Amino acid sequence: MAENSANNIDNLMHEARRFPPADAFAKAAVATGELYEQGEHPVEFWAAQARELLHWQKPFTPERTLDWSEPPFAKWFDDGELNVAYNCLDRHVLAGNGDRVALHWEGEPGDSRSFTYAELTTEVKKAANLLTALGVKQGDRVAIYLPLIPEAVISMLAVARIGAVHSVVFGGFSAESLRSRIDDASAVLVITADGGYRKGKAFPLKPTVDKALEPNADGEDSTVRNVLVVRRTEGEVDWHAGRDLWWHDEIAQVDTEHVAKAFPAENPLFILYTSGTTGKPKGILHSSGGYLTQVAFTHKAVFDLKPEEDVYWSTADVGWITGHSYVVYGPLANGATEVIYEGTPDTPHAGRWWEIVQKYKVSILYAAPTAIRTFMKLGRQIPKEFDLSSLRLLGSVGEPINPEAWVWYRDVIGGGTIPVVDTWWQTETGAIMISALPGVTTLKPGSAQVPIPGIAIDVVDDRFRSTEADQGGLLVVTHPWPSMARGIWGDPDRFVETYWSKFGPTTYFAGDGARRDKDGDIWLLGRVDDVMNVSGHRLSTAEIESALVSHPMVAEAAVVGAADETTGQAVVAFVITRASQADAAAADDASAVLRAHVAEQIGAIARPREVHIVTELPKTRSGKIMRRLLRDVAEGREIGDTTTLADTMVMSVISNTLK
Ligand code: WTA
């Protein structure tokens, strides 16, 4: 039994399709196979990249490339000095590229603004002067709570330019979440807007900030001195004289010149809060020189960036790490032209993304598997109505992408000819760690493939032994890397304990399960906490979801391990079918068919105890399925905290479906 099921899991994960690089693509590719040889000496490799990709006002000395004397607190390029914003802006203007478009911004209602590098540089200089006028100094924390409008990018770069630290809080978070992040970082300033646009409507932001800044339960005020408000929706706002300031009024009064001062490479750049499995969010801290080196390198090599020709679009919001590394810092450090879009993919119509690709002739698109699967569900006729021929590379991030979605992405969006790179990384890693290099790697749908050059990754068992080919294990990083987190803000012990204690202080434990196949390609199996143990057999939610989604009837699936008296855990699946209006009898049939399908694909051990046909899945605003809530339903418990759901009604819809 065990052997059979293991074999079948192998069959599923050993996706047989292979896509070698096209000759023409390989010939012109930014990445070369030699990078891997150079990357075998990571310290020298990253020193070379840092010198080549960035402008250092004071060069670092080779001996100070990496200081790993107090693991897990690394220092990279420690005696070097640079200005992150200068690297993203001024130097491109000085190199003669001031007229190149840096940002094409598309608002949800259809308004748009474009900024050349010269224009963006001026805006950031003004904003830097404004921050200084408001008393913000090097090391101070500034909370940014904005929709995806140009001022979000301008604010982040202005904070970086004066050596302060930003903490971007996603605009969908509640007043309470915002306040706890402001308190944790002792932020002195909040940059917000009256509101933004989402799903065809203006949503207010300023009232949430007002609420967040009210005295807390103990009657304590926040640390915030000023609130800078961008006018976006022209909605009514309450005004706190002396505290609140309009961005447009203030920015009109400052000087347009600003000289970028050099800061040490280890000057903190930002804090970004990310949720752990329990408890309060962790403020992941990143610093300047190492972070910028690795985001610039990966943005160039993984996306095959040709800054003179490409139009790059990452659909992420700046509230998430992808929005930091691959909307702001990576693309702008490389002098790319990029698109940013304020709204949702289906507003005002389901083809909005593809319309944007057509309008700006996007050549590189970086998106999440959830979005791709949503488009699959809607059908190929929608993207077919638009001219997507400008696309030449597709990227995926955030969760395992099942082979079916990967192939659909390549075929329907990419016209069946262009590379798809699946990139694995985390808020904590700062930049991409595992990915194919387009033009070099033969692509395998469903696998994130290999560590990027200069990155050392292993898959190990509980006793820190490298696993054999095709055996599941834990993903670890075994050598420090430049964009690694420098800590958890205010809580160094938690940093050590969460990531650097399982296998000792020099091994980073990512919390993800993985398997390496016979070719050395890595398959991510989901968070370790999403790995189930059924009758002593290890099963991954990702594997079973992949099996479910491979059935033509299935649009989306989420699997949880629910406690089971007999087997320890049991597999419970929640599935959205393509025919979403199915009646109850059809749902019973579908459920039986899918249980059999999983058993057939993976083995009887993986057969879900229950398959529930639902119309919605609970997702966070970043698109991650909240399995914790599904586990509550599956185990018949009261449903836990739903405040981070994008749509808080979803859980009652699901519970009602099951009744
Ligand atoms: C998951 C997002 C499989 C993983 C950049 C990781 C992935 C967590 C992939 C980090 C991928 C991210 N394949 N799983 N390509 N990319 N993940 O911090 O479980 O929002 O630990 O960073 O997302 O999520 P985070």
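For the structure, check the block above.
Here's what I pulled together on the structure shown here.

### Details of the overall build of the protein
Looking only at helices and strands, one finds 22 helices and 30 strands in the protein. Considered along the principal axes of its C-alpha atoms, the protein spans approximately 70 × 55 × 50 Å. Sequence separation of at least 24 residues holds for 71% of the intrachain contacts in the protein that already meet a minimum separation of 6. Of the roughly 25100 Å² that the protein leaves accessible, carbon and sulfur atoms contribute 49%. Placing the 63 positive and 88 negative side-chain charges of the protein at their respective mean positions leaves the two points 1 Å apart.

### Focus on the environment of Arg628
As for its placement among the helices and strands, Arg628 is situated in helix α21 (residues 627-634). Sequence spacing of Arg628 and Ala562 is 66 residues, and the spatial spacing of their C-alpha atoms is 10.0 Å. Here Arg628 is in contact with Gly640 and Asp641, once residues within four sequence places are set aside.

### Observations regarding the sheet that holds strand β12 (residues 244-246)
What the 8 strands build is an open sheet, ordered β12-β11-β8-β6-β7-β14-β15-β23; its pairing is mixed. Lying at the two open borders of the sheet, with one neighbouring strand each, are β12 and β23 (487-488). With 2 bridges joining them, strand β7 (residues 165-168) and strand β14 (residues 268-274) adopt parallel strand pairing. Residue pairing in the sheet places His166 in a bridge with Phe270 of β14. The strands that helix α13 (residues 321-333) touches are β7, β14 and β15 (282-287); relative to β14, the one it contacts most, it runs at about 145°.

### Focus: unusual backbone geometry
Look at the link from Pro71 to Pro72: it is a cis peptide, with omega at 5°. Mapped onto the elements, Pro72 comes out in the loop between β1 (66-67) and β2 (75-76). Its identity as a non-glycine residue notwithstanding, Glu234 has a phi of 60°, on the positive side. Considering the arrangement of structural elements, one finds Glu234 in the loop between β11 (226-230) and β12. Although it is not a glycine, Phe464 adopts a positive phi angle of roughly 65°. The residue Phe464 is located in the loop between β21 (457-460) and β22 (472-477) in this model. What makes Phe464 partly exposed here is its relative accessible area of 37%.

### Structural notes on helix α7 (residues 117-133)
With 17 residues, α7 should cover 24 Å at 1.5 Å per step; its first-to-last C-alpha distance of 24 Å lies within 8% of that length. For α7, every residue scored as buried is listed here: Tyr117, Leu120, Thr121, Val124, Lys125, Lys126, Ala127, Ala128, Asn129, Leu130 and Leu131. Gly135 sits one or two positions beyond α7 and adopts a positive phi of about 85°.

### Quick word on the pattern of salt bridges
Applying the stated criterion across every chain yields a total of 36 salt bridges. With its nearest N and O atoms 2.7 Å apart, the salt bridge here joins Asp458 to Arg516. You can see Asp458 sitting in strand β21 and its partner Arg516 sitting in strand β24 (residues 508-516), a full 58 residues away along the chain. For the pair Asp458 and Arg516, a shared accessibility class is recorded, and that class is buried. Each member of the salt-bridge network shares a partner with another, and the members are Glu106, Arg352, Glu355 and Lys359.

### Thoughts on the packing of aromatic side chains
Counted according to the given criterion, the structure contains 32 aromatic pairs. Arranged with centres 5.9 Å apart and planes meeting at 90°, the rings of Tyr326 and Tyr366 form a pair that is edge-to-face. Taken as a pair, Tyr326 in helix α13 and Tyr366 in strand β18 (residues 364-367) lie far apart in primary sequence, 40 residues in all. In this pair, the class of Tyr326 matches that of Tyr366, namely buried. With a centroid separation of 4.9 Å and an interplanar angle of 65°, the aromatic rings of Trp354 and Phe375 are classed as edge-to-face. Of the two residues, Trp354 is situated in helix α14 (residues 352-360) and Phe375 in helix α15 (residues 369-378); the sequence distance between them amounts to 21 residues. With relative accessibility at 1%, the residue Trp354 sits in the buried group. Classification of Phe375 as buried rests on a relative accessible area of 6%.

### Focus on the pairing of strand β19 (residues 393-397)
Within β19, 5 of the 5 residues are buried, which leaves it mostly tucked inside the rest of the structure. What you see with β19 is no split at all: Leu393, Gly395 and Val397 on one side and Leu394 and Ser396 on the other are buried throughout. Relative to β19, β18 is paired through 4 bridges, and the arrangement is parallel. Directly across from Ala367, in β19, lies its bridge partner Ser396. In terms of strand pairing, β19 meets strand β20 (residues 420-423) through 4 bridges, oriented parallel. Of the residues in β20, the one forming a bridge with Ser396 is Asp422.

### As for the sheet that holds β22
Spatially, the 4 strands line up as an open sheet ordered β21-β22-β24-β25, and their pairing is antiparallel. Either end of the sheet is taken by a strand with one partner, and the two such strands are β21 and β25 (522-527). Ignoring which end each strand starts from, the neighbouring axes of this sheet average 45° apart. Here β24 runs beside β25; their pairing, made up of 4 bridges, is antiparallel. The partner of Arg516 across the bridge, within β25, is Ile522.

### Some details on the site of the ligand
As a matter of local geometry, the ligand sits amid 16 residues, with Asp422, Thr423, Thr427, Asp512 and Arg527 nearest to it. At 3.4 Å, a backbone N or O of Glu399 approaches a nitrogen atom of the ligand. In the environment of the ligand, an oxygen atom lies 2.6 Å from a nitrogen or oxygen atom belonging to the side chain of Thr427. For the ligand, whose unbound accessible area comes to 520 Å², protein coverage reaches 90%. Counting residues per element, the ones that place at least two in the shell around the ligand are α13, β20 and β25. Class assignment of the residues belonging to the shell around the ligand gives a composition of 6 nonpolar, 5 polar and 5 charged.

### Some details on α15
Counting buried positions along α15 gives 7 out of 10 residues, so the element sits mostly inside the fold. For α15, every residue scored as buried is listed here: Pro369, Thr370, Ala371, Ile372, Arg373, Phe375 and Met376. Note on α15: the residue one or two positions beyond its end, Gly379, has a positive phi of about 100°.

### Side note on the side chain of Lys306
For Lys306, the location among the structural elements is in the loop between α12 (289-302) and β16 (311-314). We classify Lys306 as buried; its relative accessible area is 17%. In terms of polar contacts, Lys306 uses its side chain to reach the side chain of Asp304, at 3.0 Å.

### Focus on the packing of α12 against α13
α13 packs onto α12 with a crossing angle of 85° between their chain directions and a minimal axis gap of 8 Å. In terms of axis orientation, α12 runs roughly perpendicular to α13. Here Tyr291, Leu292, Val295, Ala296, Thr298 and His299 of α12 lie close against α13, whose contacting residues are His324, Ser325, Tyr326, Tyr329, Gly330, Pro331 and Ala333. Here the contact of α12 with α13 is composed, by residue class, of 8 nonpolar, 5 polar and no charged.

Cut-offs and rules
- Residues numbered from 1 in each chain as written.
- Predicted model: local features only at pLDDT ≥ 70, side-chain atom pairs only at ≥ 80, totals over all residues.
- Heavy atoms only, no water.
- Helix = DSSP H or I, 4+ residues; strand = E, 2+ residues; numbered from the N terminus.
- Contact = heavy atoms within 4.5 Å.
- Areas by Shrake-Rupley, 256 points an atom, 1.4 Å probe, with all protein chains shown as cover.
- Lys, Arg positive; Asp, Glu negative; His and termini not counted.
- Charge placed at Lys NZ, Arg CZ, Asp CG, Glu CD.
- Pairing = 2+ DSSP bridges.
- Axes fitted to C-alpha atoms, helices over the stretch in contact; angles between N-to-C directions.
- Buried < 20%, exposed > 50% of the residue type's maximum accessible area, 1.4 Å probe, protein only.
- Expected span 1.5 Å × (residues − 1).
- Salt bridge = Lys/Arg side-chain N within 4 Å of Asp/Glu carboxyl O.
- Phe/Tyr/Trp six-rings, centres within 6.5 Å; stacked < 30°, edge-to-face > 60°.
- Near = heavy atom within 4 Å.
- Polar contact = N/O pair within 3.5 Å; in protein donor to acceptor, adjacent residues only side chain to side chain.
- Nonpolar A, V, L, I, M, F, W, Y, C, P; charged D, E, K, R; others polar.
- Parallel < 35°, antiparallel > 145°, perpendicular 65-115°, else oblique.

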